[in-house]
Structures are given as structure tokens and as C-alpha cells.
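# Report on the structure
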Amino acid sequence: FAVIVPVTVNGHGPYDFMLDTGSTVTAVDRELGQELALQAEGQGTVTTLTQHLSASIARVRQVGFGPITEQNIEVMVRDLSGLRHIVPTVRGVLGQNALNHADFLLDYQHKRLQFDVNGELVRLLGGHHVPLRREATPDNPDYTNLAVHGIITENGIYPMDFLLDSGAASPVIFNMAADGITGRFEGFVADTEGRRLLAGVHVFRVEIDGKSRELLMNVLAFRDTASGVGGLLPTRIFSQIYISNTGGFAIFQPKMKKSGSMDRMVADLPTQPPGHGPKS
């Protein structure tokens, strides 16, 4: 499931970063932070599925990936050793605060990632533009994630918003959003820190953009979150997905309307996804 992108930081690199639309803030491994002489400006909190962690906050002059360069980006400097169990070469996480002006096509079918420039790509794609809502974090309204509306059918109808998460391995429902839904059997989910959490597992039918599909989903009993999001929806469950941060929409399973250039590929996706659980 991990999408690895070459990223430059302050003109150095490129380094392997994991593309993570489910992470509000870009993160840099502590060792890389030392190599780049990043200076801590304060402390922040990293929230995963299993815990809250304190991390240093630094600011970098420039973050570059593909054809995109972002200036003056805040980053978390934290231990990413747990994430390296999934991707041994990873040096950071490319979070949503660096992606706010990026539009891109995640093509899991052909194991490619393509950034769109000036809307050239989206004009070639057919499909419904599904609205995405920016979900602000409870502790900092300046940080946001992308949420998409869906419906779960299981002994009833449960409308809920899902966090659109390229860094998650499998779907998750937070039990507070669907009271009464429990798992048929038990399993574990793991976060990027390598910590595991017991979860119920159930097969649900989920409707996104008017299309229904059956998904094996983890059910977690979270009841203390202020977020309006009811669960995590991994982008990897779609063979292709176009995400427009600038336009605030997604196209699920887009179709090519006409021939055109597809040359702006900046990363190949893994050929064999590792068998780890979801993260946040």
C-alpha cells in the first residue's frame, strides 16, 4: 500500500518519503533532521491509531516533489523506525500540509503516480467529480485532511465521512460513528510506530460515489475523538484515483477520455505490498 515519492528538502536529496494524505503534517526522520540541521521551533502532537506522541516542530525553506515545490513548510521531526519496518528506505512522510496545492493521479493498476500540472491531466479523465471536505484537526484548525462521504449498509444504513488515506493498509470504522456495529472476529491493526491494537473485523458493503463494494473492515471502539470522520478509507482499494486538492474533489476509477501525454510519472508503487495493518 505504501506510495514512495522522491522528495528534496532545502535542496538536499532526493529522499524516499511516503505519500500520506491521512497525515496532516509532513514528517522528517530524526536522523535526517540532524543531517539537515533543522532547528526545533516548538513541540507538537502526533496522533496514531494507538497513541498520542510528542514531537519537535521545525520549519523547512523548501520541499520539492515531482513538478511541485512548496515553500516554508512546517514539519514534525520524529522517530520513524516503526515505519521503516514497512519501507526500509523511508526518510519522511509527505503529509497533507505539503499537498494542499497538489493534484495527482494514483494509479495502483500500473504502479504509477502522476502529478497534474495546470489541469492538463484531469481534462483527459472521465468520471464524476466527488466532493471532498477538508476536515480540520481538533487541536489545530490550520491542519486539515480530506474526507469523502460514504454509506455503510449493515443491518441498516450508516452515512459517514471517511478520511481519504493513502497511508492506510486497510479500511477502518470508528465505532462511535456506527454504534452497534461490531466485528465478526478479532484481529490487529498496527500504526507507523509498530504498536498494535485489537480490533473487530467485519465485511461491510460501502457505497462511494453511488457505487457499492464489499470491504473487509476493522472496527475500532473510539469514543473520545472530536473529529467528524467516521473511519479511514485507503486509496489503495481503488485501482485508480484522481485527487484534486486545488479543486476539492476526487475521481474514483477515472476513465481516459482521449489519448494524451502521461509522461509526468515521478514514482513507481511497490510491486508487493507488505502485510501490515492500517495507520493514521
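Residues numbered from 1 in each chain as written. Predicted model: local features only at pLDDT ≥ 70, side-chain atom pairs only at ≥ 80, totals over all residues. Heavy atoms only, no water.

### Some remarks on the pairing of strand β19 (residues 229-234)
Applicable threshold: Each residue is assigned to one of three classes by its accessible area relative to the maximum for its type, calculated with a 1.4 Å probe on protein chains only: buried under 20%, partly exposed between the two thresholds, exposed over 50%. Helix and strand definitions follow DSSP, with helices as H or I runs of at least four residues and strands as E runs of at least two, each counted in order from the N terminus. The rule for pairing is simple: two strands pair if DSSP sees at least two bridges between them.
Of all six residues in β19, six are buried; the element is thus mostly enclosed. Pairing geometry for strand β14 (residues 157-165) and β19, over five bridges, is parallel. Paired with D165 across the bridge in β19 is P234. Sheet analysis places strand β15 (residues 172-174) next to β19, joined by two bridges and oriented antiparallel. Each bridged residue has a counterpart across the sheet, and for I173 the counterpart in β19 is G231.

### So, the confidence of the model for the protein chain
What counts here: In predicted models, pLDDT denotes the confidence assigned by the predictor to each residue on a 0 to 100 scale. It only takes one pair of heavy atoms within 4.5 Å for two residues to be counted as in contact.
When pLDDT is averaged across the protein chain, the result is 82; 76% of the residues are at 70 or more. Long-range and interchain partners of residues 260-266, a stretch whose pLDDT sits below 50, account for 21 contacts in this model, where long-range means more than four residues apart. For the stretch residues 270-280, pLDDT sits under 50, and the model shows 34 contacts to residues farther than four places along the chain or on other chains.

### Structural notes on the pattern of salt bridges
Our working definition: The salt bridge definition used is simple: a Lys or Arg side-chain nitrogen within 4 Å of an Asp or Glu carboxyl oxygen.
Considering all chains together, one arrives at eight salt bridges under this definition. For E41, the salt bridge identified is with R59, shortest N-O distance 3.7 Å. Here the residue E41 occupies a position in strand β4 (residues 40-47), and R59 occupies one in strand β5 (residues 52-65), the gap between them amounting to 18 residues. For E41, a relative accessible area of 54% puts it in the exposed group. Looking at R59, the relative accessible area reads 34%, which means it is partly exposed. Notably, a salt bridge pairs E214 with R205, separated by 3.9 Å at the nearest N-O pair. The class for R205 is partly exposed, based on a relative accessible area of 36%. One network of salt bridges, in which partners are shared, links E41, R59 and E74.

### Focus on the environment of R123
Rules: Residues adjacent in sequence count toward polar contacts only when both atoms are side-chain atoms; beyond that, a polar contact is any pair of N or O atoms within 3.5 Å, and within protein one must be able to donate a hydrogen and the other to accept it.
Its place among the elements puts R123 in the loop between β9 (112-116) and β10 (125-126). With 134 residues separating them along the chain, R123 and K257 place their C-alpha atoms 8.2 Å apart. In terms of polar contacts, R123 uses its side chain to reach the backbone carbonyl oxygen of N118, at 3.3 Å.

### Side note on the environment of E154
For E154, the location among the structural elements is in the loop between β13 (140-153) and β14. Counting along the chain gives 49 residues from E154 to V203, while the straight-line C-alpha distance between them is 9.0 Å.

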